[in-house]
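Results of the structural survey
Spelled out, the chains give:
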Amino acid sequence: MYDERLTAPRSWWLLPVGAGLSLGLILLRFGPVPGLIGLVVGAVAGAVALSGYGSARIRVVQGSLVAGQARIPLAALGEARPLDAKETVAWRSVKADPRAFMLLRSYLPTALRVEVTDPADPTPYLYLSTRDPQALAAAIEQERARTATVTPPR
């Protein structure tokens, strides 16, 4: 199967340090102890926020595509199209549809666009930031083929 965690780049972990320093400097005017508490609280809060942002996962399991909090059956999905860096920027900006489901991470240069074929769903497509769009598309097709052989059509 396929399982990818969209972790933030290592350089982004300097942001919690900056948040801690900022809060520490703000509270330093009240004394060294509040300044130290602000440093620790700011750094921890920034680290928790960044960890939460980078905890989004994309998985293909048991006939479904799980992207963040969304779970979509593969039967409701159409073509999975890998996007290169140029197309990724276009589909997250000028070509974007406000009805689309987007699991967007700006630090990832590539993405996968998956059509939604369910007529009851107003979502036209899924836009999923990923480090390896070809592998994700292949996993979707492989799981779709596996599911089709296991579950005969009615």
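Everything below is about the structure printed above this text.
Rules and cut-offs
Sequence order as written defines the numbering, with residues in each chain counted from 1. Where totals are concerned, whole chains, interfaces and linings use all residues; where local detail is concerned, this predicted model gives features only for residues with pLDDT of at least 70, and gives and counts side-chain atom pairs only at 80 or more. Derived side-chain values reflect all non-hydrogen atoms in the structure, with water molecules and hydrogen atoms excluded from consideration. Per the convention used, a helix needs a DSSP run of H or I reaching at least four residues, while a strand needs a run of E reaching at least two, with both numbered from the N terminus. Two things to know: the radius of gyration comes from C-alpha atoms, and the globule rule equals 2.2 Å times the number of residues to the power 0.38. Partly exposed describes any residue whose relative accessible area lies between the buried limit of under 20% and the exposed limit of over 50%, with all areas from a 1.4 Å probe on protein chains only and scaled to the type maximum. It only takes one pair of heavy atoms within 4.5 Å for two residues to be counted as in contact. Method for areas: the Shrake-Rupley scheme with a 1.4 Å probe, in which residue coverage is limited to the protein chains shown. Just so you know, the count uses Lys and Arg for positive and Asp and Glu for negative, and it drops His and the chain ends. Where a charge lies is defined by one atom per residue type, namely NZ (Lys), CZ (Arg), CG (Asp) and CD (Glu). Expected helix span is given by 1.5 Å per residue-to-residue step, counting one fewer step than there are residues. By construction, the arc corresponds to the directions joining the helix axis to the C-beta atoms. Axes here mean lines fitted to C-alpha atoms, for a helix over just the part in contact, with angles spanning 0 to 180 degrees between N-to-C directions. For classification purposes, an angle smaller than 35 degrees is called roughly parallel, one larger than 145 roughly antiparallel, one from 65 to 115 roughly perpendicular, and anything else oblique. Handedness of a crossing is defined here by the sense of rotation of the near helix relative to the far one, left-handed for an anticlockwise turn of less than a right angle and right-handed for a clockwise turn. All amino acids are sorted into three groups, where Ala, Val, Leu, Ile, Met, Phe, Trp, Tyr, Cys and Pro are nonpolar, Asp, Glu, Lys and Arg are charged, and the leftover types, Gly among them, are polar. Paired rings are identified among Phe, Tyr and Trp, the last through its six-membered ring, by centres lying within 6.5 Å, and are further divided according to the angle between planes into stacked (under 30 degrees), edge-to-face (over 60) and tilted (the rest). When DSSP finds two or more bridges between a pair of strands, those strands are recorded as paired. Buried residues of nine kinds, namely Ala, Val, Leu, Ile, Met, Phe, Trp, Tyr and Cys, make up a nonpolar core once their side-chain atoms join them within 4.5 Å.

**Structural notes on the overall build of the protein**
Each helix and strand in the protein was counted, giving 4 helices and 8 strands. Across the protein, helices and strands are ordered from the amino to the carboxyl terminus as β-α-α-β-β-β-β-α-β-β-β-α. Radius of gyration (C-alpha) of the protein: 20 Å, far over the 15 Å computed for a compact globule of 154 residues. Out of the 154 residues in the protein, the part that is buried amounts to 38%. Within the protein, contacts between residues at least 6 apart in sequence are counted, and of these 65% link residues at least 24 apart. Total accessible area on the protein stands at roughly 9100 Å², and carbon and sulfur atoms take up 64% of it. Side-chain charges in the protein split into 17 positive and 12 negative, and the spacing between the mean points of these groups amounts to 8 Å.

**A short note on helix α2 (residues 32-53)**
Between its first and last C-alpha, α2 extends 31 Å over 22 residues, near the 32 Å set by a 1.5 Å rise per residue. Taken together, the buried positions of α2 are occupied by Gly 35, Gly 38, Gly 42, Gly 46 and Leu 50. Buried residues of α2, viewed axially, fall in a sector of 80°; they line one side. Facing away from the buried side of α2 by over 90 degrees, the exposed positions are Val 33, Leu 36 and Val 48. Buried positions along α2 lie against α1 (14-28).

**A short note on the packing of α1 against α2**
The geometry of α1 relative to α2 is characterised by a closest axis approach of 7 Å and an angle of 155° between their N-to-C directions. Considering the angle they form, α1 stands roughly antiparallel to α2. Crossing hand, α1 versus α2: right-handed. From α1, Pro 16, Ala 19, Gly 20, Leu 21, Leu 23, Gly 24, Leu 27 and Leu 28 reach across to α2, where they touch Pro 32, Pro 34, Gly 35, Gly 38, Leu 39, Val 41, Gly 42, Ala 43, Gly 46, Ala 47 and Leu 50. Taken together, the residues of the contact of α1 with α2 break down into 13 nonpolar, 6 polar and no charged.

**Quick notes on the packing of aromatic side chains**
Enumeration according to the criterion identifies 4 aromatic pairs in this entry. Consider the rings of Tyr 53 and Tyr 107, whose centres lie 6.2 Å apart with planes at 70°: the pair is edge-to-face. Taken together, the residues Tyr 53 in helix α2 and Tyr 107 in the loop between β6 (101-103) and β7 (111-116) connect sequence positions 54 residues apart. Judged by relative accessible area, Tyr 107 falls into the buried class, the value being 15%. By way of ring pairs, the aromatic residues Trp 12, Tyr 53 and Tyr 107 are connected into one cluster.

**What to know about the pairing of strand β2 (residues 57-61)**
Only one face of β2 is covered, namely the one carrying Ile 58 and Val 60; the face carrying Arg 57, Arg 59 and Val 61 has none of its residues buried. As paired strands, β2 and strand β3 (residues 64-67) are joined by 4 bridges and run antiparallel to one another. Looking at β3, one finds that Ile 58 is bridged to Ala 67. Linking β2 back to β3 in an antiparallel pair, the connection comprises 2 residues, with Gln 62 at a positive phi of about 45°.

**Here's the deal with the nonpolar core**
Residues Leu 65, Leu 136 and Ile 140 are the most contacted members of the largest nonpolar core, which totals 27 residues. Counting residues per element, the ones that place at least two in this core are β2, β3, β4 (70-73), β5 (77-83), β7, β8 (125-129) and α4 (133-150). A total of 4 residues in this core trace back to one element, the largest contributor, which is α4. One finds Leu 83, Trp 91, Ala 100 and Ala 111 within the second-largest nonpolar core, a separate group that totals 6 residues.

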